[in-house]
Amino acid sequence: MSTAVASAPSTPAPPQLIRKPESTPQPGTWRHPKLDEIIRRQNASRFGEDNARTVIWNTGFLVVSFLLPELERRVRG
């Protein structure tokens, strides 16, 4: 014969917080969590060789845009 054991209905218990021990990094190895973003923003605000090249090209095109109409006027007549 089988015996059925009646158990009390279980009610949900509030979850218990399980704390993991925080690992201590070795001295000198800690990095800021957003260091990559900080470096990217610093590099974006720096005036470098690429920015200088862009300024030179844009200045050249601006000068040519003012000189072309004068050149065209002389060629036509």
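Above this text is the structure in question.
Predicted model only: the values in this text are computed from it and were never measured.

## Focus on the overall build of the protein
The helix and strand inventory of the protein stands at 2 helices and 0 strands. Relative to its 77 residues, the protein shows a buried fraction of 0%. With an accessible surface of roughly 8,500 Å², the protein has 60% of that area assigned to carbon and sulfur atoms.

## Regarding a nonpolar patch on the surface
Residues Val64, Leu68, Leu71 and Val75 make up a contiguous nonpolar surface patch of about 390 Å² in total accessible area. Looking at the element boundaries, Val75 is found in helix H2 (residues 49–76).

## Here's the deal with the pattern of salt bridges
Using the criterion set out here, one finds 7 salt bridges in the structure. Note that Glu70 is salt-bridged to Arg73, the shortest N-O span being 2.6 Å. Taken together, the residues span about one helical turn, with Glu70 and Arg73 both in helix H2 at a distance of 3 residues. For Arg76, the salt bridge goes to Glu72, with nearest N and O atoms at 3.1 Å. Of this pair, Arg76 and Glu72 both sit in helix H2, 4 residues apart, which is roughly one turn of the helix. Within this structure, Glu49, Asp50 and Arg53 form a network of salt bridges that share partners.

## Observations concerning H2
Over its 28 residues, H2 extends 40 Å from the first C-alpha to the last, a length consistent with the 40 Å expected when each residue adds 1.5 Å. Of all the bends in H2, the largest measures some 30 degrees and sits at Leu67, one to four residues before the proline Pro69.

Calculation rules
- Residues numbered from 1 in each chain as written.
- Predicted model: local features only at pLDDT ≥ 70, side-chain atom pairs only at ≥ 80, totals over all residues.
- Heavy atoms only, no water.
- Helix = DSSP H or I, 4+ residues; strand = E, 2+ residues; numbered from the N terminus.
- Buried < 20%, exposed > 50% of the residue type's maximum accessible area, 1.4 Å probe, protein only.
- Areas by Shrake-Rupley, 256 points an atom, 1.4 Å probe, with all protein chains shown as cover.
- Patch = residues over 30% accessible without salt bridge, like charges linked within 9 Å, V, L, I, M, F, W, Y side chains within 5 Å.
- Salt bridge = Lys/Arg side-chain N within 4 Å of Asp/Glu carboxyl O.
- Expected span 1.5 Å × (residues − 1).
- Bend = angle between axes of the 7 residues up to and from the residue.

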